[in-house]
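Now for the letters of each chain:
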Amino acid sequence: MTEANKSDLILSKGLDNIIVAETELSSVDGQNSVLTYRGINIHELAGRATYEEIVHLLWYGRLPSRAQLNELKGTLAAHRALPDDIIAMIRTFPRTALAIEVLRTVVSALAMYDPEAQAISPEATRRKAIRLTAQFPTIVAAFDRLRNGKEPIAPHPQLDHAANTLYMLTGTRPDPLHAQALDTYFVLLADHGLNASTFVARAVVSTLADLHSAITAALASLKGPLHGGANEATMRMFLEIGEVANVDGWIADAFAQKRKIMGFGHRIYRHGDPRVVHLQRLARELGEQAGDTRWYEMSLQVEKAVQSHRELYPNVDFFSAAVLYYLGIPLDLFTPMFACSRIAGWSAHVLEQYADNRLMRPQSVFIGPKENHFLPIEERG
Ligand SMILES: CC(C)(COP(=O)(O)OP(=O)(O)OC[C@H]1O[C@@H](n2cnc3c(N)ncnc32)[C@H](O)[C@@H]1OP(=O)(O)O)[C@@H](O)C(=O)NCCC(=O)NCCS
């Protein structure tokens, strides 16, 4: 029997409606626009839990006690620094490299410096997840500073994950609202069912490959504009539109040309993404604090204009664009910021996949010629 000739197999090009794993991590109810992390509604967590609490919830199954939280924070803070060789390597990268390419490459390289790189026990995988989660912002900030002719800044051991990320980028302690906004952004993006990059991470470790391999592949998948690249693409769209007054015309043209509007639509949420309301609030607060609500207002107007053409809802990347822009994050660091959060979910899914593994091996339908023959080179036309 040839591959996928069985009549009971169905063709699902985007794997729509195919279940390949069981998870206890997050549930994404697209009909009712509900997202939960281990059963806790995201609306209870956003603005109340910190990113480190969510990391604990995802990796250890429950929200931490104060002592557990302090221990996790201390461990993460202790692992933020990068090996000198890695910093030296980043110095050699072209300044024109994209930050997401740098992150993907450095994560792959870090495997060669990790004492447990090949180990796949839950304990070793959790320790590596801590190291990678702690190091992600350091990698991104080091590259951003070096390409701007500045030296990397050592992580600040007293600052929490989000605040330290902003600190390493700018060299100054962040404004409390900025730190809080990035922390909430990290909480909102930490996990999201079997999205493309998470699926990729699980597929990689289904071969019993290691965590660094899975995370490198997940980063490659996140990069695309249909996935994590949409936050940057959304901001580029806003910059191209330029003024709120230009929105309606710009969107009408885009629909006329059948262009996709970045930051809209979702494979699972058909009636709206529950994370949006929190990101919208953050964009407004940051805009008001900055005394410049243009990008917030443009977001609202784009949403209105899109919905006057078609029933499409903004997704997580839509209001993320204004949030990250108000935080002063360079455009090509938007997708790496998404990754700095999602590493928590990727690692948790890797742990789940190892615990109940089956090699992922879907099938394809062969649609080429039924019969063909070898021709010696001198007889080919
Ligand atoms: C996320 C996304 C890939 C989901 O796609 P999907 O589940 O495959 O949905 P489909 O492409 O089948 O969309 C259904 C219809 O809505 C349209 N549509 C979906 N998203 C759209 C968008 N952002 N702008 C304009 N039209 C859109 C499709 O063109 C399709 O139209 P049709 O029925 O006339 O052919 C898609 O909505 C998209 O490309 N969005 C923009 C990128 C983005 O924001 N990605 C981040 C996701 S969190």
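Relevant structure appears above.
Here's a quick rundown of the structure. Keep in mind that what you see is a predicted model, and the values were worked out from it rather than measured.

## Overview of the site of the ligand
Taken together, 17 residues are adjacent to the ligand, and Ile261, Gly263, Phe264, Arg267 and Asn315 come closest. For the ligand, an oxygen atom lies 2.7 Å from a polar atom in the side chain of arginine 267. The side chain of asparagine 315 places a nitrogen or oxygen atom 2.9 Å from an oxygen atom of the ligand. Within the complex, 69% of the 860 Å² of free accessible area of the ligand lies under protein. When the residues that make up the shell around the ligand are grouped by side-chain class, the tally is seven nonpolar, five polar and five charged.

## Brief notes about the packing of aromatic side chains
On inspection of all chains with the given rule, the structure shows six aromatic pairs. The interplanar angle of 55° and the centroid separation of 5.4 Å between the aromatic rings of tyrosine 51 and phenylalanine 186 together place this pair among those described as tilted. Pair noted here: tyrosine 51 is in helix H2 (residues 51–60) and phenylalanine 186 is in helix H8 (residues 176–189), with a separation of 135 residues, a long-range link. Pair check on accessibility: tyrosine 51 and phenylalanine 186 agree, each one buried. Arranged with centres 5.5 Å apart and planes meeting at 80°, the rings of phenylalanine 238 and phenylalanine 318 form a pair that is edge-to-face. On the criterion of sequence distance, the pair formed by phenylalanine 238 in helix H11 (residues 230–241) and phenylalanine 318 in helix H15 (residues 316–326) is long-range, its members being 80 residues apart. Neither phenylalanine 238 nor phenylalanine 318 differs from the other in exposure class; each is buried. Each member of the aromatic cluster is reached from another via a ring pair, and the members are Phe238, Phe264, Phe318 and Phe319.

## Remarks on the pattern of salt bridges
Tallied over the entire structure, the rule returns 15 salt bridges. With its nearest N and O atoms 2.8 Å apart, the salt bridge here joins arginine 147 to aspartate 332. Of this pair, arginine 147 sits in helix H6 (residues 122–147) while aspartate 332 sits in the loop between H15 and helix H16 (334–355), and the two are 185 residues apart along the sequence. For arginine 147, a relative accessible area of 16% corresponds to the buried category. Residue aspartate 332 is classed as buried on the basis of its relative accessible area, which comes to 11%. A salt bridge links glutamate 288 to arginine 284; the shortest N-O distance between them is 3.8 Å. Of this pair, glutamate 288 and arginine 284 both sit in helix H13 (residues 276–290), separated by four residues, roughly a single helical turn. Accessibility expressed as a relative area gives 31% for arginine 284, which makes it partly exposed. One network of salt bridges, in which partners are shared, links Asp114, Glu116, Arg127 and Arg131.

Reading guide: rules and limits
Residues numbered from 1 in each chain as written. Predicted model: local features only at pLDDT ≥ 70, side-chain atom pairs only at ≥ 80, totals over all residues. Heavy atoms only, no water. Near = heavy atom within 4 Å. Polar contact = N/O pair within 3.5 Å; in protein donor to acceptor, adjacent residues only side chain to side chain. Areas by Shrake-Rupley, 256 points an atom, 1.4 Å probe, with all protein chains shown as cover. Nonpolar A, V, L, I, M, F, W, Y, C, P; charged D, E, K, R; others polar. Phe/Tyr/Trp six-rings, centres within 6.5 Å; stacked < 30°, edge-to-face > 60°. Helix = DSSP H or I, 4+ residues; strand = E, 2+ residues; numbered from the N terminus. Buried < 20%, exposed > 50% of the residue type's maximum accessible area, 1.4 Å probe, protein only. Salt bridge = Lys/Arg side-chain N within 4 Å of Asp/Glu carboxyl O.

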